[in-house]
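Overview (structure and organization)
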Amino acid sequence: MAFTRATGKHRRPGRMQRSTARAAGVAALTTTGVIGTLAGPALAAVESPAEQTGLTPVLTIGDEVADQIDAQAAAQQQAAEHAAAVKRAEAAAMKRAQEEARKAREAEERAAREAERKRLNTFVLPISGSYVSTGYQAGSSLWSSGSHTGVDFHAASGTSVHSVGAGTVVEAGWGGAYGNQVVIRMHDGTYTQYGHLSSIGVFVGQTVTPGQQIGLSGATGNVTGPHLHFEARTGAEYGSDIDPVAYLRAHGVSI
């Protein structure tokens, strides 16, 4: 009678098969670098010497080494997460710093604009430390209109004459009875006139700032002695004069 050997279809997997499966897992971990540093110790803790199946060497490892591999993988994952968190924190800090720098820059720009606005709206006396020697609309035959169209500031010849505010020079030269004169269209649209100058230091079209020297006082034109004739006007033409003292006071000048 013929004897048939069992095929082993329902037998428990042999040691060789279990070792092959685990070795495949080790190979995968080694490829990703997880157990690179454990290569030496791992191989020293094998359950049994390397087994051969045909031409392929098979390694088996114990549970202790597997735990070490898992621990190292977890440590690497934690390190990667920490590095990512540090990178996010650095990016957030840089963004905050950039935002703070932007706000500081905008604040500086606003302050500079405000300072410039105040500077342009500042008015000063045409001659520092002087006083009015002849008032507005004073009557005399010295003036063709019969009254004084401006005020006279006391000043020796050669005293520095300043623009009372910011503006643009529209006249600079001889003005008949006014002698050497400068007329400035002010920043607010009004006009100021400076007469009887001994010399002129600006030119037509030039922009001037409050307190900037525009010439020197003198006695040119129709005068009896050196002084500064100062007028405030609503227009550039003669006859549009307004009270110069009230004008200066309205612009914050103490006089």
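What you see is a predicted model, and the numbers here were worked out from it, not measured in a lab.

So, how was this worked out
- Residues numbered from 1 in each chain as written.
- Predicted model: local features only at pLDDT ≥ 70, side-chain atom pairs only at ≥ 80, totals over all residues.
- Heavy atoms only, no water.
- Helix = DSSP H or I, 4+ residues; strand = E, 2+ residues; numbered from the N terminus.
- Expected span 1.5 Å × (residues − 1).
- Buried < 20%, exposed > 50% of the residue type's maximum accessible area, 1.4 Å probe, protein only.
- Pairing = 2+ DSSP bridges.
- Core = buried A, V, L, I, M, F, W, Y, C linked by side-chain atoms within 4.5 Å.
- Contact = heavy atoms within 4.5 Å.
- pLDDT = per-residue confidence, 0-100.
- Salt bridge = Lys/Arg side-chain N within 4 Å of Asp/Glu carboxyl O.
- Phe/Tyr/Trp six-rings, centres within 6.5 Å; stacked < 30°, edge-to-face > 60°.

A separate point is helix H3 (residues 63-120). In this model, H3 (58 residues) spans 85 Å end to end at C-alpha, consistent with the 86 Å of a helix rising 1.5 Å per residue. Those residues of H3 that sit buried are Val65, Ile69 and Gln72.

This brings us to the pairing of strand S7 (residues 180-186). The element S7 is extensively covered by neighbouring structure, given that 6 of its 7 residues are classed as buried. Of the strand pairs in this sheet, strand S6 (residues 167-174) and S7 are connected by 7 bridges, and their pairing is antiparallel. By the bridge assignment for S7, Ala172 is matched with Val182. With antiparallel pairing between neighbouring strands as the criterion, S6 and S7 make up a hairpin whose turn holds 5 residues, including Gly176 at a positive phi of roughly 65°. Across 5 bridges, the pairing between S7 and strand S8 (residues 191-200) is antiparallel.

Counting 24 residues, the largest nonpolar core has Phe153, Val182, Ile184, Tyr194, Ile214 and Leu248 as its most contacted members. Of all the secondary-structure elements, those providing two or more residues to this core are strand S4 (151-154), S7, S8, strand S11 (227-233) and helix H4 (244-250). Not counting residues within four places of it along the chain, the set of residues in contact with Phe153 comprises Leu125, Pro126, Ile127, Ser130, Tyr131, Val132, Ser133, His227, Leu228, Phe230, Leu248 and Ile255.

Scored by pLDDT, the chain comes out at a mean of 81, with 73% of its residues at no less than 70. Scored below 50 in pLDDT, residues 1-29 shows 24 contacts in the model against residues more than four places distant or in partner chains. Contacts for the low-pLDDT stretch residues 34-51, under 50 throughout, to residues beyond four places or in other chains number 38 contacts.

It is worth spelling out unusual backbone geometry at this point. Only a minority of non-glycine residues have a phi that is not negative, and only a minority of peptide bonds are not trans. Positive phi values are uncommon outside glycine, yet Gln137 reaches one of about 65°. You can see Gln137 is positioned in the loop between strand S3 (132-134) and S4.

The next subject is the pattern of salt bridges. Close approach of charged atoms allows side chains with opposite charge to pair. Counted according to the given criterion, the structure contains 5 salt bridges. Here Arg102 ties to Glu99 by a salt bridge, and the two come within 2.3 Å at their closest N and O atoms. With a gap of 3 residues between them, Arg102 and Glu99 both fall in helix H3, about one helical turn apart. Look at Glu99 and you get partly exposed, because its relative accessible area is 31%. For the salt bridge of Glu114 with Arg117, the shortest nitrogen-to-oxygen distance reads 2.6 Å.

For the structure shown, the criterion picks out 3 aromatic pairs. Linked through ring pairs, Phe153, Tyr194 and Phe230 together constitute an aromatic cluster.

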